[in-house]
Amino acid sequence: MLKNYLKIAFRSIVKDKEYTIINVFGLTIGIVAALFIWQYVSFEKSYDRFHANAERIYRLPIQFFSQNKLEVTDAMNYAPTGPTLKEELPEVEEFVRFSPEYGRVVLAVDDKKFEEERIFFADSTLFNVFDFKLLDGNKSSCLTKPGSIVLTKSVAERYFGPMNTWLESLVGKGIRFNNERLLMITGILDDVPKNSHIKFNALLPFASFTENRPDPSNNWGWNDFYTYVQLKEGVSQAAFEAKIPDFIARHIEFDTEGTYDKFVVQPLTDIHLHSKLSYESEANGDGKTVAFLGIIGLAILFIAWINYINLATARAEDRSKEVGVRKVVGATRQTLITQFLAEAFVLNLLAILTALLLIFLVGPFINNYLGKTLTLSVASLPLGVWIFPIILFGGTFLSGLYPAFILSTFAPSQTLKGSTSRQKRGVWLRKGLVVFQYCVSVILIAGTISVYKQLRFMQNQDLGFTMDQTLVLHAPSVIDNDSVFQQRYNSFKNELRKYPIIESITSSSAIPGKSSLDLDLHGPFYLVGTPEEKGANFMTMRVEENFTEAYGMEMVAGRNFSPEMKTDKDGLIINETALHLLGLNEPGEAIGKRVQYWDKETAIVGVVKDYHHKSLRNAIEPMMLRNNKGSHIYYSLKFSSDNRATTDQVIRDVRSCWERVYSNNPFNFFFLDDHYNEQYAADGQLAKISGLFSILTIFIACLGLFGLASYTVTVRAKEIGIRKVLGASMSSLVLLFTQDYTRLLLVAFVIGIPLSYYLCHQWLENFAFAFELTASIFLLPCVLVLSIALIAVSSQSLRAARSNPVEVLRKD
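Now for a description of the structure that goes with this document.

1. Let's talk about the overall build of the chain
Check the secondary structure of the chain and you find 25 helices and 26 strands. In the chain, of all internal contacts separated by at least 6 residues, the share reaching a separation of at least 24 is 80%. Surface accessibility of the chain: about 36600 Å² in total, with carbon and sulfur atoms responsible for 56%.

Given below as structure tokens:
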């Protein structure tokens with residue numbers, strides 16, 4: 001019986017080639033789009049789930065409150081928190097801490113020397129909590145002894161060649177750290193998976209942390225440590241959270257009323273998509289965006305299935321006599337439903353097979369366009385291998401069940417006489433589905449326009465500083481002491497002054513757009529003579545005297561730091577946001593005011609206009625620039641031409657100067673504008689994704705509309721012939737066929753515009769600074785969709801209007 005169903009299904013599919021091509025092509029595009037979107041969504045949701053105990057691991061950020069108000073939530077915690085929790089709370093099975101190596105790190109083996117980023121100190125308990133794969137070494141001892149280091153596979157291969165060429169274990173070999181000391185390699189880790197929220201290239205034992213730093217073991221005020229706890233089996237998050245307030249009260253004292261801390265218990269698997277805290281180790285994703293994309297993938301697939309439903313119910317009249325004959329010879333309603341579901345099954349199967357072939361052919365081009373490496377594999381898809389039978393059987397029932405029920409209800413007595421009254425039962429459903437298709441199209445296009453406009457708004461906004469023609473160098477790490485550092489730096493500047501194209505050079509501990517890890521959160525800062533409880537925590541950075549001038553920042557009061565002014569040695573320049581938090585109204589009021597923090601007093605010498613140190617997603621933070629020439633991480637060079645050839649020459653000249661002065665340090669650089677705009681890379685990818693799949697959605701919807709119009713023209717051919725004989729013009733005939741679809745599109749617009757506005761407004765709330773939504777953003781998609789849809793319908797209407805009525809009326 002099944003063989004008979006499939007044979008009839010193939011015969012029916014081959015008989016009506018246009019119908020088959022439209023359905024298979026539409027379903028194929030829908031499946032391709034959905035699979036690509038779901039693969040991306042699945043990857044984003046897979047972060048940190050490769051750890052066996054991921055559901056029992058939690059990170060502990062801190063919420064800082066001042067004057068009973070939440071000031072900031074920091075992803076890091078205090079050093080004693082993890083060990084003390086394990087000691088005092090039976091719910092805690094294990095802990096592990098990570099702390100970044102903030103300084104520049106240069107590793108060297110013989111003449112191979114590279115700057116390495118993402119170097120962390122880590123506890124020896126790392127492998128008791130996380131499942132990072134250790135390729136060589138002992139998990140229990142590789143992070144216990146000072147003077148040791150664990151490298152990832154990629155880093156090790158930079159110094160020792162490809163792993164398959166290693167003749168012996170690297171464990172026990174030495175690698176030089178900043179030309180100061182020789183570290184012993186105690187382990188080789190596999191590269192950190194891309195779907196880990198914390199990424200590192202090398203790990204140093206936590207026991208090495210105190211080699212050139214104070215011991216933080218009992219310091220409940222130094223929060224530079226990502227702290228993770230693994231709870232015992234059966235312990236709930238709520239039960240653990242309930243004990244945290246008493247734990248804080250036992251160990252942390254607050255001198256000022258209204259100032260206190262709270263620990264956040266953050267599930268490991270929530271961090272990537274639902275955490276945007278200060279001092280995150282990596283830029284995280286956005287859960288709302290990922291959820292929206294998942295819904296879009298499903299909507300695109302539904303739109304493709306809707307085409308099948310619409311075309312199948314529209315063709316009901318053509319198949320009504322077939323149904324009548326089958327019922328007369330004994331076919332039951334159940335066998336007819338099975339037969340029509342078999343046809344839907346075959347079409348969906350063909351579409352899936354074609355989609356897999358198309359993914360293989362166009363996948364590399366889509367990856368290149370999106371800037372993502374999405375390699376379709378069973379493991380990378382939600383539900384794994386089950387996604388294909390779910391799409392196949394889900395598509396079969398969703399797209400085939402309703403048409404099957406409609407067709408199976410035809411009475412032989414009516415269909416064999418030529419009655420078509422039953423066919424009208426599917427009209428309202430078809431209209432509703434067409435409205436749904438174009439409503440989704442309007443939402444997608446409006447969303448795409450909003451993403452592009454926000455991206456352009458962020459890229460073109462006045463940032464409060466100039467970043468064009470700015471070459472940024474990583475400051476040297478291999479320097480004997482501060483006096484030698486300054487002497488070498490002065491020599492480097494003198495070398496650069498020989499080149500007229502170099503306008504200025506300045507140094508700093510942070511630069512706009514760089515990781516917030518480079519900024520220091522200090523406080524509370526408060527004006528001398530005011531209560532400490534009026535103070536607030538500020539972001540601080542160390543800068544050279546000419547920093548604000550070199551970066552083109554506007555001073556709204558006071559002056560820049562001056563080397564001639566000895567009092568500027570410990571001076572401060574604050575931004576306008578910091579001004580208001582100190583309780584001052586006018587910039588001029590701040591000049592000369594003394595600020596207290598910790599046990600120090602220092603004077604404000606200037607107020608700089610607010611500038612965007614971070615992306616426009618972030619609100620402007622209170623900032624204090626400290627006059628400090630030592631321990632700078634970046635050198636910023638301003639040059640006077642953006643000509644490509646000139647820029648290349650600048651790089652060569654700067655490299656030459658660098659190698660003369662800093663021969664023991666690798667030369668690493670980047671351009672500030674490129675680097676700053678990297679913050680918007682995810683938004684740019686979102687714009688491309690939404691743009692590409694908006695086009696596909698419109699294409700699929702118009703493909704279905706084209707098929708409906710084509711069929712309508714065919715069944716109303718004689719009506720058109722009679723109207724032409726009676727004198728109907730071509731324009732009136734085209735209008736006759738387009739007006740019904742125009743009404744449906746207008747209904748879609750009425751529904752789609754408010755939904756688009758709501759969704760766009762919700763998305764823009766993720767940004768502290770956003771463009772203003774205007775009517776054109778929502779009217780443009782309507783005009784675009786209406787134009788494309790009318791072209792699809794009118795092409796078929798014109799074909800019918802141009803036909804010879806005599807030939808049409810002669811046909812049976």
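2. Structural notes on the packing of aromatic side chains
Counted according to the given criterion, the structure contains 43 aromatic pairs. Between phenylalanine 206 and phenylalanine 209, the aromatic rings sit 5.6 Å apart at their centres with planes inclined by 5 degrees, giving stacked as the arrangement. Across the pair, phenylalanine 209 and phenylalanine 206 agree in class, each one buried. For the ring pair phenylalanine 492 and tryptophan 658, a centre distance of 5.6 Å and an interplane angle of 90 degrees mean the geometry is edge-to-face. With phenylalanine 492 in helix α15 (residues 482-496) and tryptophan 658 in helix α19 (residues 644-661), this residue pair connects regions lying 166 residues apart in the sequence. Members of the aromatic cluster, each reached through a chain of ring pairs, are Tyr489, Phe492, Tyr635, Phe639, Trp658, Tyr662, Phe667, Phe669 and Phe671. Above the face of the phenylalanine 209 ring, arginine 213 is positioned so that its terminal group lies 4.9 Å from the ring centre. The ring centre of tyrosine 551 lies 4.8 Å from the NZ or CZ of lysine 638, which sits over that ring.

3. As for helix α7 (residues 244-251)
For α7, the set of buried residues is Ile244, Phe247 and Ile248. Angular distribution of buried residues about the axis of α7 spans 95 degrees; they occupy a single face of the element. Seen from the buried face of α7, the exposed residues on the opposite side, beyond 90 degrees, are Pro245, Asp246 and Ala249. In this structure, the buried residues of α7 make contact with α3 (81-88), α6 (237-241) and β14 (260-263).

4. Notes on the side chain of serine 690
Relative to the helices and strands, serine 690 is located in helix α21 (residues 681-715). At a separation of 3.1 Å, a polar atom in the side chain of serine 690 contacts the main-chain carbonyl oxygen of alanine 687.

5. Focus on the pairing of strand β6 (residues 112-116)
Both strand β5 (residues 105-109) and β6 contribute to a ladder of five bridges, which runs antiparallel. For valine 109, the partnering residue across the bridge sits in β6 and is lysine 112. Counting the residues that bridge the hairpin from β5 to β6 gives two residues, and of these aspartate 110 lies at a positive phi of roughly 55 degrees.

6. Describing the pattern of salt bridges
On inspection of all chains with the given rule, the structure shows 22 salt bridges. Here lysine 173 makes a salt bridge to glutamate 168, at a shortest N to O gap of 3.0 Å. Its salt-bridge partner being lysine 493, residue glutamate 544 comes within 2.7 Å of it at the nearest N-O pair. You can see glutamate 544 sitting in the loop between β19 (536-543) and α16 (547-550) and its partner lysine 493 sitting in helix α15, a full 51 residues away along the chain. Of the residues examined, lysine 493 reaches a relative accessible area of 10% and is grouped as buried. Members of the salt-bridge network, linked through shared partners, are Glu495, Lys498 and Arg660.

7. Points about the environment of asparagine 138
Structurally, the position occupied by asparagine 138 is in the loop between β8 (134-137) and β9 (148-152). Residue asparagine 138 is classed as partly exposed on the basis of its relative accessible area, which comes to 40%. Remark: the alpha-carbon pair of asparagine 138 and valine 171, spanning 33 residues in sequence, is separated by 9.5 Å.

8. With respect to the packing of helix α14 (residues 427-460) against helix α23 (residues 730-764)
Two elements in contact, α14 and α23, have axes separated by 8 Å at closest approach and are oriented at 35 degrees. The interaxial crossing formed by α14 with α23 has right-handed handedness. Considering only residue class, the contact of α14 with α23 consists of 19 nonpolar, five polar and one charged.

9. Quick notes on the sheet that holds strand β3 (residues 69-74)
Remark on secondary structure: sheet strands pair via backbone hydrogen bonds, oriented parallel or antiparallel. Strand order in the open sheet formed by three strands is β3-β2-β14, with antiparallel pairing between adjacent strands. This sheet does not close on itself; its edge strands, each paired only once, are β3 and β14. Taken pair by pair, the neighbouring strands of this sheet meet at an average axis angle of 25 degrees, ignoring direction. The pairing of strand β2 (residues 62-66) with β14 spans four bridges and is antiparallel. Along β14, the bridge assignment pairs isoleucine 62 with phenylalanine 263.

10. Focus: unusual backbone geometry
In this structure, tyrosine 279 is a non-glycine residue whose phi angle is positive, near 65 degrees. Looking at the element boundaries, tyrosine 279 is found in the loop between α8 (271-274) and α9 (287-314). The phi dihedral of glutamine 469 falls on the positive side, at around 50 degrees, and the residue is not glycine. Along the chain, glutamine 469 turns up in the loop between α14 and β16 (470-474).

11. Remarks on the pairing of β19
Within β19, eight of the eight residues are buried, leaving the element largely enclosed by the surrounding structure. Side chains Ala536, Phe538, Thr540 and Arg542 of β19 all project onto a buried face; the interleaved residues Asn537, Met539, Met541 and Val543 project onto the opposite face, where all are buried too. Sheet topology note: the strand β18 (residues 520-527)/β19 ladder contains four bridges and is antiparallel. The partner of aspartate 520 across the bridge, within β19, is threonine 540.

12. Some remarks on a nonpolar patch on the surface
Taken together, the side chains of Leu298, Phe302, Leu398 and Phe436 define a hydrophobic patch exposed on the protein surface, amounting to about 320 Å² of accessible area. Take phenylalanine 302: it is sitting in helix α9. Taking relative accessible area as the criterion, phenylalanine 302 reaches 30% and is therefore assigned partly exposed.

13. Some remarks on the nonpolar core
If you look at the biggest cluster of nonpolar residues, it comprises 136 residues, and the most contacted ones within it are Phe98, Phe130, Leu203, Tyr228 and Tyr438. Of all the elements, helix α2 (residues 17-45) adds the most residues to this core, at 15 residues. With 24 residues, the next largest nonpolar core counts Val109, Tyr159, Phe160 and Phe209 among its residues.

14. What about the environment of glutamate 257?
On the secondary structure map, glutamate 257 appears in the loop between α7 and β14. Taking relative accessible area as the criterion, glutamate 257 reaches 76% and is therefore assigned exposed. Remark: the alpha-carbon pair of glutamate 257 and serine 66, spanning 191 residues in sequence, is separated by 8.5 Å.

15. Some details on the side chain of serine 562
Mapped onto the secondary structure, serine 562 falls in the loop between β20 (555-558) and β21 (572-575). Given the relative accessible area of 18%, serine 562 is considered buried. A distance of 2.9 Å separates the side chain of serine 562 from the side chain of glutamate 564, its partner in a polar contact. Sequence-distant contacts of serine 562, defined by excluding residues within four places in its chain, comprise Glu545 and Asp568.

Conventions we followed
- Residues numbered from 1 in each chain as written.
- Predicted model: local features only at pLDDT ≥ 70, side-chain atom pairs only at ≥ 80, totals over all residues.
- Heavy atoms only, no water.
- Helix = DSSP H or I, 4+ residues; strand = E, 2+ residues; numbered from the N terminus.
- Contact = heavy atoms within 4.5 Å.
- Areas by Shrake-Rupley, 256 points an atom, 1.4 Å probe, with all protein chains shown as cover.
- Phe/Tyr/Trp six-rings, centres within 6.5 Å; stacked < 30°, edge-to-face > 60°.
- Buried < 20%, exposed > 50% of the residue type's maximum accessible area, 1.4 Å probe, protein only.
- Lys NZ or Arg CZ within 6 Å of the ring centre and 35° of its normal.
- Arc of directions from axis to C-beta.
- Polar contact = N/O pair within 3.5 Å; in protein donor to acceptor, adjacent residues only side chain to side chain.
- Pairing = 2+ DSSP bridges.
- Salt bridge = Lys/Arg side-chain N within 4 Å of Asp/Glu carboxyl O.
- Axes fitted to C-alpha atoms, helices over the stretch in contact; angles between N-to-C directions.
- Left-handed = near helix turned anticlockwise from the far one by under 90°.
- Nonpolar A, V, L, I, M, F, W, Y, C, P; charged D, E, K, R; others polar.
- Patch = residues over 30% accessible without salt bridge, like charges linked within 9 Å, V, L, I, M, F, W, Y side chains within 5 Å.
- Core = buried A, V, L, I, M, F, W, Y, C linked by side-chain atoms within 4.5 Å.

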